[in-house]
Amino acid sequence: MAGAALGLGLGPGVLALQLLWALALGLCLLLSRAAGRARFTVVLVALGAAVLSAALLLFPREEERPSTTAVYEIVDTFLIGRFVLLAVMSLVLLGCLFLLLIYHLMEPIYAKPLPSS
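Here goes a summary of the coordinates provided. (Residues numbered from 1 in each chain as written. Predicted model: local features only at pLDDT ≥ 70, side-chain atom pairs only at ≥ 80, totals over all residues. Heavy atoms only, no water.)

### A word on helix α2 (residues 41–58)
Spelled out, the test is: Where helices and strands are cited, they refer to DSSP runs of H or I of at least four residues and of E of at least two residues respectively, numbered from the N terminus. Multiplying 1.5 Å by the helix residue count minus one yields the expected span of that helix. Under the scheme applied here, a residue whose accessible area is under 20% of the maximum for its type counts as buried, over 50% as exposed, and between as partly exposed, the area being computed with a 1.4 Å probe on protein chains only. Summarising the geometry, the arc corresponds to the directions from the helix axis toward the C-beta atoms. We call two residues contacting when some pair of their heavy atoms lies within 4.5 Å.
Across its 18 residues, α2 extends 26 Å between first and last C-alpha, which sits within 8% of the 26 Å expected from 1.5 Å per residue. By the burial criterion, the buried members of α2 are V45, A49 and S53. Seen from one end, α2 has its buried residues packed into an arc of 70°, which puts them on one side. Facing away from the buried side of α2, by more than 90 degrees, are the exposed residues V43, L44, L47, V51 and L58. Buried residues belonging to α2 abut α1 (12–32).

Encoded structure:
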């Protein structure tokens, strides 16, 4: 099924799982705004999406043994670039967390002046 891969090298199963969880998340967001007992159906939607995902993952349609007609060696030519990107993103995340700590969590609380009598 190498020829049936869709965009970005993803197969139809991965796209089906993405669509399933996107719809489940959207439905959960809509139901979380509901009033009364309808709000608790969010749990059922999440459990239903989890059960459906497990069913899709546990019962694949293809054979488990891949065909041995052609053996390809996969070489990652962009490995160093990925690690540089990961390092930059990690530094940005640490910087954002530091700024969050300074400006939000450690915001100074000034004392009110005492009333003069």
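### Examining the packing of α1 against α2
Put simply, the test is: Working convention: axes come from line fits to C-alpha atoms, limited for helices to the stretch in contact. Angles between N-to-C directions cover 0 to 180 degrees. Each angle gets one of four labels, with under 35 degrees taken as roughly parallel, over 145 as roughly antiparallel, 65 to 115 as roughly perpendicular, and the rest as oblique. When residues are sorted by character, Ala, Val, Leu, Ile, Met, Phe, Trp, Tyr, Cys and Pro go into the nonpolar class, Asp, Glu, Lys and Arg into the charged class, and all the rest, Gly among them, into the polar class.
Running from N to C, α1 and α2 point in directions that differ by 175°, and their axes come no closer than 9 Å. When the axes of α1 and α2 are compared, the pair comes out roughly antiparallel. Contact with α1, carried on its side by L17, L20, W21, A24, L27, C28, L31 and S32, involves T41, V42, V45, A46, A49, A50, L52, S53, L56 and L57 of α2 and no other residues of that element. Looking at the contact of α1 with α2, its residues break down into 15 nonpolar, three polar and no charged.

### Some words on the side chain of S53
As a reminder of what qualifies: Counting of polar contacts relies on pairs of N or O atoms within 3.5 Å, with two restrictions inside protein: one atom must be capable of donating a hydrogen and the other of accepting it, and residues adjacent in sequence are counted only when both atoms are side-chain atoms.
Relative to the elements of secondary structure, S53 occurs in helix α2. Within the structure, S53 has its side chain in polar contact with the backbone oxygen of A49 (distance 2.9 Å).

### Remarks on the nonpolar core
Rules: For our purposes a nonpolar core is just a set of buried Ala, Val, Leu, Ile, Met, Phe, Trp, Tyr and Cys residues, chained together by side-chain atoms within 4.5 Å.
A24, C28, L31, V45 and A49 form the largest nonpolar core, which has five residues in total. Elements with a minimum of two residues in this core: α1 and α2. Broken down by element, the residue count for this core peaks at three residues, all from α1. If we ignore the near neighbours within four places in the chain, the residues touching A49 are L20, W21 and A24.

By themselves, these figures tell us nothing about what the structure is for.
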